[in-house]
Amino acid sequence: MTGETVLALRGVSKRFGAVQALTDIELEVRAGEVLALVGDNGAGKSTLVKSIAGVHQPDEGTIEWQGRPVSVHRPQDAQQLGIATVYQDLALCDNLDVVGNLFLGREIRRFAVLDEVAMEKRSRSLLDTLSIRIPSVRIPVASLSGGQRQVVAIARALVGSPKVVMLDEPTAALGVEQTAQVLDLVERLRDQGLGVILISHNMADVMAVADTVAVLRLGRNNGVFDKRRTSQEEIISAITGATDNAVTRREARGTEGSP
Ligand SMILES: Nc1ncnc2c1ncn2[C@@H]1O[C@H](COP(=O)(O)OP(=O)(O)O)[C@@H](O)[C@H]1O
Ligand SMILES: [Mg+2]
């Protein structure tokens, strides 16, 4: 049950010196949808995420939020719109407990003093809503498993009640069981109506949770697929370049003939 388009990229390009990392990217993310963003190493996935997150400035193109062009100059702009990002290298503080990590940088204060009771309560209810089971919200994250740490990092992104959450390779460092835990959470986020952009090079993960699969190849779109109607082989062909879907996509959108 997918909803309206919340986030769209129109003709986004990004260059780093001599490297054209992204060229003319089109992307749409709907509420209640898991959009898997796939592609070979260097295809531009992380650059795309960072361009949406306000870390990088696109050289060309626009970002639309709920149908309107917006400017995202800094990460705070993206956060204020309702776009949350969990990066590949988790930025958790090992020595802080779960509550400390969830509220790092946006602590709840009462008369200028940290309101630990309120933060602990909010942490518990956030984790409950997401059916996340952590032994205690007062243990340092260093003592959690890799899967639990990833789940805490995702929960941290949800503190500000975003509408879109981007996960860059959330299962890359995880074993089978911990991966299942994270993918379960991804499905719950979708069921709660969020738009989820999931970057992964694990096709099993993609086939398990994605509704839509967008393929990037050498910084360009190479197909957007409805997972239910697409085989893993078709997606892999698009990733490797065995099939070239760029033209088909443009025709489907009726933009062929534009310069
Ligand atoms: N900060 C940067 N400076 C220069 N080149 C970069 C930077 N970030 C990414 N690139 C280059 O842009 C291309 C896309 O990289 P990236 O977005 O990390 O791909 P992916 O996440 O799909 O592996 C690569 O050629 C990479 O080397
Ligand atoms: Mg990457």
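Here, the structure is the one placed above.
These numbers come from a predicted model, not from an experiment. (Residues numbered from 1 in each chain as written. Chains lettered and ligands numbered in written order. Predicted model: local features only at pLDDT ≥ 70, side-chain atom pairs only at ≥ 80, totals over all residues. Heavy atoms only, no water.)

Novice: What am I meant to see in the sheet that holds strand β12 (residues 220-226) here?
Specialist: Note on sheets: strands pair through backbone hydrogen bonds, and any given pair is parallel or antiparallel. Strand order in the open sheet formed by six strands is β6-β9-β10-β3-β11-β12, with mixed pairing between adjacent strands. The outermost strands of the open sheet, each flanked by one partner alone, are β6 (83-86) and β12. Averaged over all adjacent pairs, the angle separating strand axes in this sheet is 20°, with direction ignored. Bridge count between strand β3 (residues 33-38) and strand β10 (residues 195-199): five bridges; the pairing is parallel. Bridging across to β10, Leu37 finds its partner in Ile199. Sheet strands in contact with helix α1 (residues 45-52) are β3, β6, β9 (164-168), β10 and β11 (212-217), and its direction is about 150° off that of β10. Running over the sheet, helix α5 (residues 146-157) touches β6 and β9 and is turned about 160° from β6. (Pairing = 2+ DSSP bridges. Helix = DSSP H or I, 4+ residues; strand = E, 2+ residues; numbered from the N terminus. Axes fitted to C-alpha atoms, helices over the stretch in contact; angles between N-to-C directions. Contact = heavy atoms within 4.5 Å.)

Novice: Would you mind showing me how to read the packing of α5 against helix α6 (residues 176-191) here?
Specialist: Relative orientation and spacing of two packed helices are given, respectively, by the angle between their axes and the distance between those axes. Remark: α5 packs on α6, axes separated minimally by 8 Å, with the N-to-C direction vectors making an angle of 20°. By the criterion of interaxial angle, the relationship of α5 to α6 is roughly parallel. As for the relative orientation of α5 and α6, their crossing is right-handed in sense. Here Gly146, Gly147, Gln148, Gln150, Val151 and Ile154 of α5 come into contact with α6, specifically with Gln178, Gln181, Val182, Leu185 and Leu189. Split by residue class, the contact of α5 with α6 holds five nonpolar, six polar and no charged. (Parallel < 35°, antiparallel > 145°, perpendicular 65-115°, else oblique. Left-handed = near helix turned anticlockwise from the far one by under 90°. Nonpolar A, V, L, I, M, F, W, Y, C, P; charged D, E, K, R; others polar.)

Shape is all these values report; function is a separate question.
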